[in-house]
Amino acid sequence: MMVPTFVLLLLLGFSVRISKTMTRDEKHRLRNQVVEMFDHAYQNYMDHAYPADELMPLTCRGRVRGLEPSRGDVDDALGKFSLTLIDTLDTLVLLNKTEEFEEAVKRVLKDVRLDNDIVVSVFETNIRVLGGLLGGHSMAVMLKERGERMLWYQDELLNMAKDLGIRLLPAFNTSSGLPYPRVNLRHGVQGPETRTGTETDTCTACAGTIILEFAALSRFTGDPIFEAHARRALDFLWEKRQRNSNLVGTTINIHSGEWVRRDSGVGAGIDSYYEYLLKAYVLLGDDQFLQRFNVHYASIMKYISQPPLLLDVHIHKPLLPARTWMDSLLAFFPGLQVLKGDIRPAIETHEMLYQVTKKHNFLPEAFTTDFRVHWAQHPLRPEFAESTYFLYKATRDPYYLEVGRTVLENLNRFARVPCGFAAMKDVRTGSHEDRMDSFFLAEMFKYLFLLFAEEDDLPFDVEDYVFTTEAHLLPLSLSTALRSHGPPAANSTILPPAFQKQALEELDDSNFEWTCPNTRLLFADPAYPQNFREPIRSAVDKSCPRPNLPREPGMGRAPLRAQDFMANNPEHLELLRRMGVSLIHLKDGRVQLVQHANQAASAVAAEDGMRFMQEMMELSSQQQKEQLPPRAVQIISHPFFGRVVLTAGPAQFGMDLSKSSLGVRGFVTVAEPYAGCSELSNAEFVAGRIALLQRGQCMFAEKARNIQKAGAIGGIVIDDNEGSSSDTAPLFQMAGDGRSTDDVTLPLLFLFHKEGNILLEALKEHREVEVLLSEKARDREAIFKGKALPGALLDGSGDETEDEDCCTEDHSSPTPSISASPDHQSQFTTHEQEILGEESEKPEAEPSSDPAAGTAEEQPAEDEDSSSQSVDSLMADWQEDLEAFKQMEKDEL
């Protein structure tokens, strides 16, 4: 409660700045820039990705589910149905690209199949694909009626929409009416072939964001079943609201109706449930939806809204905050407040979001109440642009045109890449992620175009349509279409009039319950909204100082630091090209950089290139001075018992194995994600174990930090360059990321593909594989004793050990062996040593492993005065150890 108080205290003593009017020519320039950006994104999708669902803009290829490493729930939106093209149909018409629209519709009808044997998200498929088909149908009908285009159209998109709707219906076969979160497009939800139907929970938004699309489908086709199912789900959610707070939780059991997560807010998990209650009233004209929304809204403003913040609370104890951070999906809420007619809190929350955006260039996926980054990703979400458009539409305040300009410029400056626009992996560093979600084309460019367009720029009157949560356009004429009059669901309730009155009296804007206010009367004084914005700007500035923005190429310093360079980043390669620097891939996996100043884009760019090359040489020289000898990965579990030793490259950071007499011993497990470039999803299995990681996608130091955070005791990075081996390539040591790596305390080693594959195959076959990470290979008996033995004794016991090896080799399964004696230094040419901090990106299929927890063994330190022991005592000790080892090996076999 202290943060809102801090903000409000700043209401005194500020200066008022009036927004300057943007000229018509400038608006037209920005409108045209939006169209050019859309063309860049859309054409690259069509050229490099179609018919795949989405574009991967960094690698310039399509994302096909099953061919790329799984991203978890994010991939549930992909159904092998050309998602981006369908999601973009009505955007093409709005941007006056009717010829491209007609061609796109023909492609959809010709190429897209909906009977794929694939499990998809009901929520995402509804809002993106079903909504996209219905929006496309609405546009096709409008163009045909005008006689402009689509004269051949005979409701083909609507027929596809009905086919898809029927495929989604099995998900609603529950006792509650709430849909399963996933459905198999070919097999439904029941039966082993569906690979789904076992889930018990779904999010509130997932179940409550169906009504617009399903009701539109029913009214377009005359089949009431779709709208009936959507209404039943909404009725059940309303019935299960917490009756004292009138709030809903985030996750609900689809069978029992029990709240699984009882935190409540207006962001992820709930957001579009509230949106669809209000918009269902707008589209369908049913007063019940508005009544429910108003009751919920009163509680939101009473408990969750702490202007300018929107903080989650517990539904049973709504005065108790549930978290101290906000997620970026709540950025839609100011736009919904505009539709509701509650402008002041919309201005306040939007201004807070704008100031956070200006600090980090984009809204972080989550940020704290003092406006710092909580989750650093930004997948190019459109919600902030959406609210900006609706606030401008309501107020005509030119301030929001400047906000839109900022959004536009940041997209071009930080997210634009040669093959489209790339999501931000980290808004703090500006690093990219190889994804461009379909909603970027479906929503972002609609709202930005509408923001800068004049009325005569639009091909139709948008006031005749309602925007779905995916910004698809459904005609308001559907409100007069025939609706289902089936019997109401058993759990359908209408709020008693007395309770409605009590709930609505808690609102200050009771005069506006059924109509939107005239904002020009509310804000006759142009300085009035500034009175809300200025203190919020001051509060954010004081809580979180603005970072210095990076400069563009040729603006006085190199835009790309040597320590940040990634050879697989298309944007980095483009920057090198502008600086006259070319990159040559060598056969052994290394890269060579050459600069030709006369090939630079300008003299200043050539100077930047020279500076970059100098940085790279200094970095390489500094790292070569810190060359380390190779390390060993020794497989010590059954049936290997230390016979397999893999030559490993060291890291310039983390634990120095040369200073450890025992090394690090533990069971291995594959990190998820395999690249280890983000927080691990299987941290509970990695804790106390040695994590296996794949080379590429991020810096080695970042991988080390992520597995260390998960509780790993060590890490092994495996090369993704198939066929690479320490037999044929010079080893390299893994460099840091240019920053201090003192925080990394675990050991990190590198294996080429051949050696790494030996370890992965062992893990596949034996499930539990224990290894020893050490400076050099250890004698087997010494490993199992847990202490190093004097070299003289090792020499004297050679024959006995050899006999034991022969015995065990006869009974053990054949295993590839790369062996090294304790003194052997495998091929490691120091003058050819490669210094790398980031590698190529070709993830392989992730090997399966048993996620049983493992712990690192604490081994006793070597007795410092062992040299004073008599030879007889040592020999007796050695014999005891040897007998114990023989018995253990015999038992294992």
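For clarity, every value in this text was computed on a predicted model and none was experimentally measured.

**Some details on the overall build of the protein chain**
Check the secondary structure of the protein chain and you find 28 helices and 31 strands. Sorting the 893 residues of the protein chain into buried and exposed places 57% on the buried side. Within the protein chain, contacts between residues separated by at least 24 positions form 74% of all contacts whose residues are at least 6 apart in sequence. Summing over all exposed atoms, the protein chain offers an accessible surface of approximately 37,000 Å²; the carbon and sulfur share of this is 50%.

**A few points about the state of the cysteines**
A covalent bond bridging the sulfur atoms of two cysteines is what the word disulfide describes. Enumeration over the complete set of coordinates arrives at three disulfides. Between the sulfur atoms of cysteine 677 and its disulfide partner cysteine 698 the distance amounts to 2.1 Å. On the S-S bond that ties cysteine 677 to cysteine 698, the torsion sits near -85°, and the link is left-handed. Here cysteine 698 lies in the loop between β26 (690-694) and α23 (700-709) and cysteine 677 lies in the loop between β25 (664-670) and α22 (683-686), a separation of 21 residues in the sequence. Once the disulfide-bonded cysteines of the protein chain are ranked by sequence position, their pairing pattern turns out to be 1-4, 2-3, 5-6.

**Observations regarding the packing of helix α9 (residues 225-239) against helix α10 (residues 271-284)**
At a minimum axis distance of 12 Å, the contact between α9 and α10 shows a crossing angle of 130°. Taken together, α9 and α10 sit at an angle that is classed as oblique. Judged by the twist between their axes, the crossing of α9 over α10 is left-handed. Contacts between α9 and α10 involve Glu227, Arg231, Leu234, Leu237 and Trp238 on the former and, on the latter, Tyr273, Leu277 and Leu284. Residue classes in the contact of α9 with α10 are distributed as six nonpolar, no polar and two charged.

**Details of the pairing of strand β24 (residues 644-648)**
The side chains of a regular strand alternate between both faces of the sheet. Extensive coverage of β24 is indicated by the burial of five of its five residues. The two faces of β24 match: Val644, Leu646 and Ala648 on one face and Val645 and Thr647 on the other face are all buried. Both strand β23 (residues 631-635) and β24 contribute to a ladder of five bridges, which runs antiparallel. For arginine 631, the partnering residue across the bridge sits in β24 and is alanine 648.

**Notes on the packing of aromatic side chains**
Scanning the entire structure with this criterion turns up 26 aromatic pairs. With centroids separated by 5.9 Å and ring planes inclined at 90°, the aromatic side chains of phenylalanine 214 and phenylalanine 226 adopt a geometry described as edge-to-face. Linking phenylalanine 214 in helix α8 (residues 211-221) with phenylalanine 226 in helix α9, this pair joins segments that are twelve residues apart in sequence. The pair phenylalanine 214 / phenylalanine 226 is uniform in exposure class, with both members buried. Seen from their ring centres, tyrosine 297 and phenylalanine 333 are 6.2 Å apart, and the 25° between their planes marks the pair as stacked. With tyrosine 297 in helix α11 (residues 287-304) and phenylalanine 333 in helix α12 (residues 333-340), the pair connects residues that are 36 residues apart, well separated along the chain.

**With respect to the environment of glycine 714**
Considering the arrangement of structural elements, one finds glycine 714 in strand β27 (residues 714-718). Note: C-alpha distance between glycine 714 and glycine 688 (26 residues apart in sequence) is 8.7 Å. Apart from the residues within four sequence positions on either side, glycine 714 is in contact with Arg689, Ile690, Ala691, Ile707, Leu746 and Pro747.

**Some thoughts on unusual backbone geometry**
Here tyrosine 50 and proline 51 are connected by a cis peptide whose omega angle stands at 10°. Of note, the bond from glutamate 672 into proline 673 is cis; its omega dihedral lies within 30 degrees of zero at 5°. Inspection of the secondary structure assignment puts proline 673 in the loop between β25 and α22. Its identity as a non-glycine residue notwithstanding, asparagine 361 has a phi of 75°, on the positive side. Residue asparagine 361 is classed as buried on the basis of its relative accessible area, which comes to 12%.

**Some thoughts on the sheet that holds β25**
The mixed open sheet is built from seven strands, whose spatial order is β24-β23-β30-β25-β26-β27-β29. Strands with a single pairing partner mark the edges of an open sheet, and in this sheet they are β24 and β29 (748-751). Mean inter-strand twist for the sheet, computed between neighbouring axes without regard to direction, equals 30°. Where β26 lies against β27, five bridges are found, and the strand directions are parallel. Residue pairing for β27: leucine 692 is matched across the bridge by isoleucine 716. Running at roughly 140° to β24, helix α24 (residues 753-766) makes contact with β23, β24, β25, β26, β27, β29 and β30 (770-774) of the sheet.

**Concerning the sheet that holds strand β7 (residues 259-261)**
Strand order in the open sheet made by the three strands is β5-β6-β7, with antiparallel pairing throughout. The sheet is open, and its two edges are formed by β5 (201-203) and β7, each paired on a single side. Direction aside, the axes of adjacent strands within the sheet are offset by 35° on average. Examined bridge by bridge, strand β6 (residues 251-253) and β7 share two bridges and lie antiparallel to one another. Paired with isoleucine 252 across the two strands is tryptophan 259, which belongs to β7.

**Points about the pattern of salt bridges**
Evaluation of the coordinates by the stated rule reveals 53 salt bridges. A salt bridge links aspartate 223 to lysine 162; its shortest N-O distance comes to 4.0 Å. Of the two residues, aspartate 223 sits in the loop between α8 and α9 while lysine 162 sits in helix α6 (residues 156-168), which places them 61 residues apart along the sequence. Judged by its relative accessible area of 24%, aspartate 223 is partly exposed. Through salt bridges with shared partners, a single network forms among Glu54, Arg71, Asp75, Glu124 and Arg128.

**A closer look at helix α14 (residues 383-395)**
Between its first and last C-alpha atoms α14 spans 18 Å; for 13 residues at 1.5 Å apiece the expected length is 18 Å, and the two agree. The element α14 is largely enclosed, with a buried count of twelve among its 13 residues. Every buried residue belonging to α14 is among Glu383, Phe384, Ala385, Glu386, Ser387, Thr388, Tyr389, Phe390, Leu391, Tyr392, Ala394 and Thr395, and all of these are buried. One or two residues past the end of α14 sits arginine 396, with phi positive at roughly 55°.

About the criteria used
- Residues numbered from 1 in each chain as written.
- Predicted model: local features only at pLDDT ≥ 70, side-chain atom pairs only at ≥ 80, totals over all residues.
- Heavy atoms only, no water.
- Helix = DSSP H or I, 4+ residues; strand = E, 2+ residues; numbered from the N terminus.
- Buried < 20%, exposed > 50% of the residue type's maximum accessible area, 1.4 Å probe, protein only.
- Contact = heavy atoms within 4.5 Å.
- Areas by Shrake-Rupley, 256 points an atom, 1.4 Å probe, with all protein chains shown as cover.
- Disulfide = S-S within 2.5 Å.
- Axes fitted to C-alpha atoms, helices over the stretch in contact; angles between N-to-C directions.
- Parallel < 35°, antiparallel > 145°, perpendicular 65-115°, else oblique.
- Left-handed = near helix turned anticlockwise from the far one by under 90°.
- Nonpolar A, V, L, I, M, F, W, Y, C, P; charged D, E, K, R; others polar.
- Pairing = 2+ DSSP bridges.
- Phe/Tyr/Trp six-rings, centres within 6.5 Å; stacked < 30°, edge-to-face > 60°.
- Salt bridge = Lys/Arg side-chain N within 4 Å of Asp/Glu carboxyl O.
- Expected span 1.5 Å × (residues − 1).

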